[in-house]
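Residue-level structure breakdown
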Amino acid sequence: MTQLATTIHGSIPALVTPMFEDGSVDWNGLKQLVEWHIEQGTHGIVAMGTTGEASTLSMEEHIRVIAEVVQIANKRIPVIAGTGANSTVEAVELTQEAQKIGADAALLVTPYYNKPTQEGLYQHYKKIAESVDIPQILYNVPGRTGVDMQNSTVIRLSHLDNIVGIKDATGDVPRGMQLMHGLNPAQMVVFSGDDATAWELILAGARGNISVTANVAPRVMSLMCEAALADNKAEAHRLNTQVAQLHDILFCESNPIPVKWALHEMGKIGTGIRLPLTPLAEQFRTPLREALKAAMQLI
């Protein structure tokens, strides 16, 4: 099995980027957030994913956030750098920077908006893999990007040395199982990218969950992933049920609007979020508070 499969596993929050009200990055808040996750049993962190507002940070800010998280984590847990882009050249540059900074792996979302073909996806990832010697995790989230990387393309990419994993955010467990059946786990492993179904996919053979919910419920998500990895179906289901409301309500508006508001409500971060995203609408705040309370005994 790949080194990545043994070192990166379990509950991996796609970390929010704390901001002040004016939208500037709260660097001290970022440090406190990473330390809290480590204390809570989080197994790894994605810095600068969708939930980290990568699309609205400058290149300089993007790289600095990754560097700060790597420094704060200080090898206590793995750090995966979000380095995807819809420009292959930009994705290569970001991935090179992540390697220089010392990230353990890179997470590369499918190119969004320009809608490449399956061959275009293959060539995009092949170029990055050949350009940067760092473990690379593909990221398929068609509901967000407008492009769906087919299992056949993933299996084809799995034969490239640096491509060692995929975050499957389709939420389609049978499809994820079919993908795992078609992969050699010594070449590529699967991570869930869908909180509501993560426990099922891990029980079926996935190595962990790259998560939104783990931002606000790191302890229970960590325990859930550990139970599923140990093939303890009853315990994994029980723990997932504890946070099932959160899985739903955290997507009542576009991610990361709800999760940032929830973390502010918990006293973990300030109110900042960057346009075109806006603070959570008033009608969703009470249901989100109630979902947080329902999970509070294990948070």
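What comes next concerns the included structure. (Residues numbered from 1 in each chain as written. Predicted model: local features only at pLDDT ≥ 70, side-chain atom pairs only at ≥ 80, totals over all residues. Heavy atoms only, no water.)

**Examining the pattern of salt bridges**
Counted by the stated rule, this structure contains 12 salt bridges. Residue Lys 260 is joined to Glu 53 by a salt bridge in which the shortest nitrogen-to-oxygen separation is 2.6 Å. Linking Lys 260 in helix 13 (residues 257-265) with Glu 53 in the loop between strand 2 (45-47) and helix 3 (59-73), this pair joins segments that are 207 residues apart in sequence. Taking relative accessible area as the criterion, Lys 260 reaches 4% and is therefore assigned buried. The buried category is assigned to Glu 53, whose relative accessible area is 2%. Between Arg 285 and Glu 282 there is a salt bridge, with its nearest N and O atoms 3.6 Å apart. For Glu 282, a relative accessible area of 56% translates into the label exposed. (Salt bridge = Lys/Arg side-chain N within 4 Å of Asp/Glu carboxyl O. Helix = DSSP H or I, 4+ residues; strand = E, 2+ residues; numbered from the N terminus. Buried < 20%, exposed > 50% of the residue type's maximum accessible area, 1.4 Å probe, protein only.)

**Overview of the side chain of His 124**
Relative to the elements of secondary structure, His 124 occurs in helix 5 (residues 118-131). Overall, His 124 belongs to the buried group, its relative accessible area being 4%. Those residues in contact with His 124 that sit more than four places away from it in its chain are Ala 85, Ser 87, Thr 88, Ala 91 and Pro 111. (Contact = heavy atoms within 4.5 Å.)

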